[in-house]
Amino acid sequence: MEDSYLYYPGCTLKTKASDYEDSAMKVMEALGKPLVEMDDWYCCGAVQSLATDDIMHQIAPIRTMCCAQEQGEDTVVTLCDMCYNVLKQANERMKENEDDLETMNEFLTEDPDYELGVEVYHILQILSDMKGEIEKAVKEPLDGLKVASYYGCMLLRPDTVAIDDGEDPSIMEDILELTGVELIENEKRTECCGSYHTVNRADIVEKRVKEIVGHAKEDGAEAIALSCPLCQFNLDFHQRATEFDLPVFYFTELLALAMGLEPEMKKHKIDPKSLLEKKEIME
């Protein structure tokens, strides 16, 4: 296993999702496998183009692969689900289509040719292979905290880049179980949160949030855990239009708490600290 992992932050991890970066960095450092930010990187573009003849929208993610290649690395780790999805799909497209790769390298006149030697992983995949280390690192189990996991879309669709079973994933639950939380089954965990409709059709997102959070609450959940910054924003912020007030954690925040670390948790709209104090997890 690597001594450290080359980390692609993307844009949101430096702004609205800085709590996620903070907790993930602390967890990986404590596990002895720190995330080391890339020397140079580009915005992934946020959404993967669906057009088969659209090479232009692949340039940004492949330039990032070239940056990793120039650093002599063969692995890039992301935290953001959307970044993972875009980088992974673009990378796989280059591997599967020689003509696209040739065209791409012609575009990248200021970069060395991309040689397809870099693989893209999500942080959940990395931590899934470290369950033994996580179990040993847990110092303060989160006993009694009832948590429903939520995946959304980008880690499970399309099948070609899915990190787990698209219909019945368990990779996040298997990790969360090590923290001592009580896992609440969430039948809505693979449904869309409304995504970028939050920009101009908040009503669509509010409806989705009410269904997703409502089912989790009805099944006994006291909080939701996830890994997608956009999902976190939607489920957290848009609960204001519902009768619910479930804290929405990044799963790495729960890991950090269980490992005796101190995640920042500054950007939550629904403050999780009151629940954690009630559960005697925080003072």
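This structure is a prediction, so every number in the text was calculated from the model and none was measured.

Conventions and cut-offs
- Residues numbered from 1 in each chain as written.
- Predicted model: local features only at pLDDT ≥ 70, side-chain atom pairs only at ≥ 80, totals over all residues.
- Heavy atoms only, no water.
- Helix = DSSP H or I, 4+ residues; strand = E, 2+ residues; numbered from the N terminus.
- Rg over C-alpha atoms; globule rule 2.2 N^0.38 Å.
- Buried < 20%, exposed > 50% of the residue type's maximum accessible area, 1.4 Å probe, protein only.
- Contact = heavy atoms within 4.5 Å.
- Areas by Shrake-Rupley, 256 points an atom, 1.4 Å probe, with all protein chains shown as cover.
- Lys, Arg positive; Asp, Glu negative; His and termini not counted.
- Charge placed at Lys NZ, Arg CZ, Asp CG, Glu CD.
- Expected span 1.5 Å × (residues − 1).
- Core = buried A, V, L, I, M, F, W, Y, C linked by side-chain atoms within 4.5 Å.
- Domains from an automatic or database assignment.
- Phe/Tyr/Trp six-rings, centres within 6.5 Å; stacked < 30°, edge-to-face > 60°.
- Lys NZ or Arg CZ within 6 Å of the ring centre and 35° of its normal.

(A) Local environment of the overall build of the chain. On a plain count of helices and strands, the chain comes out with 11 helices and eight strands. Compactness check: the chain gives a C-alpha radius of gyration of 19 Å against a globular reference of 19 Å for 283 residues, within 12% of the reference. Along the longest, intermediate and shortest principal axes, the C-alpha atoms of the chain span 60 × 45 × 30 Å. Classification of the 283 residues of the chain by burial places 54% in the buried group. In the chain, once contacts between residues fewer than 6 apart in sequence are set aside, the share between residues at least 24 apart is 77%. Total accessible area computed for the chain in this model is approximately 12,800 Å², and 45% of it derives from carbon and sulfur atoms. Averaged over its 27 positive side-chain charges, the chain has a centre that lies 8 Å from the centre of its 60 negative ones.

(B) Fine view of helix α1 (residues 18–30). An ideal rise of 1.5 Å per residue puts 18 Å on 13 residues; α1 measures up with 18 Å between its terminal C-alpha atoms. Residues of α1 that are buried include every one of Ser18, Asp19, Tyr20, Glu21, Asp22, Ser23, Ala24, Val27 and Met28, and no others. Positive backbone phi, at 80°, marks Gly32, one or two positions downstream of α1.

(C) Representation of unusual backbone geometry. The omega torsion of the bond from Arg157 to Pro158 falls at -5°, within 30 degrees of zero and hence cis. Checked against the element boundaries, Pro158 lands in the loop between β5 (146–149) and α7 (171–176). Here Met265, not a glycine, exhibits a phi torsion of approximately 50°, which is positive. Relative to the elements of secondary structure, Met265 occurs in the loop between α10 (251–258) and α11 (273–278). Look at Met265 and you get buried, because its relative accessible area is 4%. Of note, the phi angle at Glu280 is positive, near 60°, even though the residue is not glycine. With respect to the helices, strands and loops of the structure, Glu280 is situated in the segment after α11. Here Glu280 falls in the exposed class, since its relative accessible area comes to 72%.

(D) Local environment of the nonpolar core. Counting 93 residues, the largest nonpolar core has Ile123, Leu127, Leu235 and Phe251 as its most contacted members. The biggest single contributor to this core is helix α3 (residues 81–96), with seven residues. Built from parts of two domains, this core gets at least three residues from each of domain 1 (5–124) and domain 2 (136–278). The contact partners of Leu235, leaving out residues within four places of it in the chain, are Tyr150, Cys193, Val209, Ile212, Val213, Ile224, Leu226 and Val248.

(E) Highlighting the packing of aromatic side chains. On inspection of all chains with the given rule, the structure shows three aromatic pairs. Judged by centre distance (5.0 Å) and plane angle (10°), the ring pair of Phe233 and Phe237 falls under stacked. Within this pair, Phe233 and its partner Phe237 are both found in helix α9 (residues 229–237), separated by four residues, close to a single helical turn. Judged by relative accessible area, which is 25%, Phe233 ranks as partly exposed. On the basis of relative accessible area, Phe237 is assigned to the partly exposed category, the value being 22%. A cation over a ring is seen here: Lys88 above Tyr121, with NZ or CZ 5.9 Å from the ring centre.

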